[in-house]
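Single-letter residue listing:
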Amino acid sequence: MAKSALRVLEIMEFVASSKSGSATHTEISQALGIPKSSLTGLLRDLQRPGYLQLDRETGRFSIGSQVMFLAHAYIKNLNIVRVGSPVVHQLFLDLNEYTTMAIPKGDDVVVVCSETLPSPLAHSLNIGEHLPMLTSALGRAILAFVEDGEREDYLKHHKPVAHTEFTKTNLDDIRRELATIRETGLAYVREEFRPGITGYAAPVFNINGRPIASIGVALPTGRIAPEHEAHIRTLLRERTAALSKRLGAKLQASPAELFKEDEGDEVEDAEV
């Protein structure tokens, strides 16, 4: 029974991962080393409840509607705070820097999870605190990836507030900054929201490809070292991409491509 169950999972995984999203009886048999006589019964059993479907014209099996039902049920019950908190915690342990997660809320983003060290940053961002979408790394990481029309509408109706002398308040400058974020997958804010503090953030996407959260790291500007900065950028891209995939997002780039450092780079609702 255990072996049959394992075979069933192997079959569905093989079919789902096939380049065309489908496979023939022979392809499955050869790839998994299952005798055709045994495979016939397994495929028949998987078709009955709808886990696999057969195109009788081509003889190819593909994933059935019942698998989609299970997948959507799983994703529906994922809460971004619950699944994202361990990611924030592990980033904090790996980087030893203030790490936080925020979600869009109205016109701002709101902090829903954070890990910090005893430092001047400890009281900067508390759970439930609202941050500006336009001038924080956490906000820009989300705004950069919403639909073009939605982003332009937001820019049209919201005026940036200068929190420090370094805050970008020109909308054309902000548009260019958001375009850079879309290219690199990472938001970077140097003392625009808090004097002396540099922030990095990357978006988290749901199954529909919408940014529903961002995870960020902040540290005093004066102690940023190139190697440490590169490590922050890499881990943020890695961990947010992995979390997005867990939430069902289909990322355009492969993990290897997504996590590459950009040479010369200078640089929220809660439920899915």
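For the structure, check the block above.
Counting of residues starts from 1 at the beginning of each chain's written sequence and follows it residue by residue. This being a predicted model, a pLDDT of at least 70 is required before a residue's local features are given, and a value of 80 or more before pairs of side-chain atoms are given or counted; all residues contribute to the totals for chains, interfaces and linings. To obtain the side-chain values, all non-hydrogen atoms of the structure were included, while hydrogens and water were left out.

1. Examining the environment of Ile 174
Stage number 1. Counting from the N terminus, the helices are the DSSP runs of H or I reaching at least four residues and the strands are the DSSP runs of E reaching at least two. With respect to the helices and strands, Ile 174 occurs in helix H8 (residues 171-184).
Stage number 2. Taking the C-alpha atoms as reference points, Ile 174 and Arg 140, separated by 34 residues in sequence, lie 9.1 Å from one another.
Stage number 3. Residue contacts follow a heavy-atom distance rule, with two residues in contact if any of their heavy atoms lie within 4.5 Å. Once residues lying within four places of it in the same chain are set aside, the contact partners of Ile 174 are Leu 134, Leu 155, Pro 160 and Lys 168.

2. Observations regarding unusual backbone geometry
Stage number 1. Positioned with a positive phi, Asn 96 is a non-glycine residue whose angle comes to about 60°.
Stage number 2. With respect to the helices and strands, Asn 96 occurs in the loop between helix H5 (80-95) and strand S4 (98-105).
Stage number 3. In the Ramachandran plot, Glu 191 falls in the positive-phi region, its phi being about 60° despite a non-glycine side chain.
Stage number 4. Position of Glu 191 relative to the elements: it lies in the loop between strand S7 (187-190) and strand S8 (197-205).
Stage number 5. Here's how the labels work: a residue is buried when its accessible area is under 20% of the maximum for its type, exposed when over 50%, partly exposed in between, all with a 1.4 Å probe on protein chains only. Note on Glu 191: relative accessible area 16%, which makes it buried.

3. Remarks on the packing of aromatic side chains
Stage number 1. Note on ring pairs: Phe, Tyr and Trp rings are taken, using the six-membered ring of Trp, and paired if centres are within 6.5 Å. Classes follow the plane angle, with under 30 degrees stacked, over 60 edge-to-face and the rest tilted. The full count for this structure, using the stated rule, is two aromatic pairs.
Stage number 2. Ring geometry for Phe 145 against Phe 205: centres 5.3 Å apart, planes inclined by 85°, an arrangement best described as edge-to-face. Note that Phe 145 is positioned in the loop between helix H6 (137-143) and helix H7 (148-157) and Phe 205 in strand S8, a separation of 60 residues in sequence.
Stage number 3. Using a relative accessible area of 21% as the deciding quantity, one classes Phe 145 as partly exposed.

4. Points about the pairing of strand S2 (residues 52-55)
Stage number 1. Strands are labelled as partners when DSSP assigns at least two bridges between them. Sheet topology places S2 next to strand S3 (residues 60-63); four bridges connect them, and they run antiparallel. What sits directly across from Gln 53, in S3, is Ser 62.
Stage number 2. Count of turn residues in the S2/S3 antiparallel hairpin: four residues, of which Gly 59 carries a positive phi of about 70°.

5. What about the pairing of S3?
Stage number 1. Bridge analysis of strand S1 (residues 22-24) against S3 gives three bridges, and the strand direction is antiparallel. Across the sheet, Thr 24 pairs through a bridge with Arg 60, a residue of S3.

6. Details of the sheet that holds strand S9 (residues 211-220)
Stage number 1. Pairing within the open sheet is antiparallel, and its six strands lie in the order S6-S5-S4-S9-S8-S7. Of all strands in the sheet, those bounded by a partner on one side alone are strand S6 (130-132) and S7. The sheet shows a mean angle of 30° between the axes of neighbouring strands, direction not considered.
Stage number 2. In this structure, S4 lies alongside strand S5 (residues 108-115), joined through seven bridges in antiparallel fashion. Pairing of Lys 105 across the sheet is with Asp 108, part of S5.
Stage number 3. What counts as an axis is a line fitted to C-alpha atoms, over the stretch in contact for a helix, and the angles between N-to-C directions run from 0 to 180 degrees. Relative to S8, helix H9 (residues 226-246) is tilted by about 20°, and along the sheet it contacts S7, S8 and S9.

7. Considerations on the environment of Ile 181
Stage number 1. Position of Ile 181 relative to the elements: it lies in helix H8.
Stage number 2. A sequence separation of 41 residues divides Ile 181 from Arg 140, and the C-alpha atoms of the two residues are 8.0 Å apart.
Stage number 3. For Ile 181, the residues in contact, after removing those within four places along its chain, are Arg 140, Ala 141, Ala 144, Phe 145, Leu 186 and Ala 187.

8. Some points on the pattern of salt bridges
Stage number 1. When a carboxyl oxygen of Asp or Glu lies within 4 Å of a side-chain nitrogen of Lys or Arg, that pair is called a salt bridge. On inspection of all chains with the given rule, the structure shows 15 salt bridges.
Stage number 2. Because the salt bridges share partners, they merge into one network encompassing Arg 140, Lys 168, Glu 177 and Glu 192.

9. So, the sheet that holds S2
The pairing of strands in a sheet comes from backbone hydrogen bonds and takes either a parallel or an antiparallel form.
Stage number 1. Taken in spatial order, the three strands line up as S1-S3-S2 in an open sheet, and their pairing is antiparallel. Only two strands of the sheet have a single neighbouring strand rather than two, namely S1 and S2. Taken over all neighbouring pairs, the strand axes of this sheet differ in orientation by 35° on average, direction set aside.
Stage number 2. Along the sheet face, helix H2 (residues 25-32) touches S1 and S3 and points at about 90° away from the line of S1.
Stage number 3. Against the sheet, helix H3 (residues 36-47) contacts S2 and S3, and its axis sits at roughly 105° relative to S2.

Keep in mind these values describe shape, not function.
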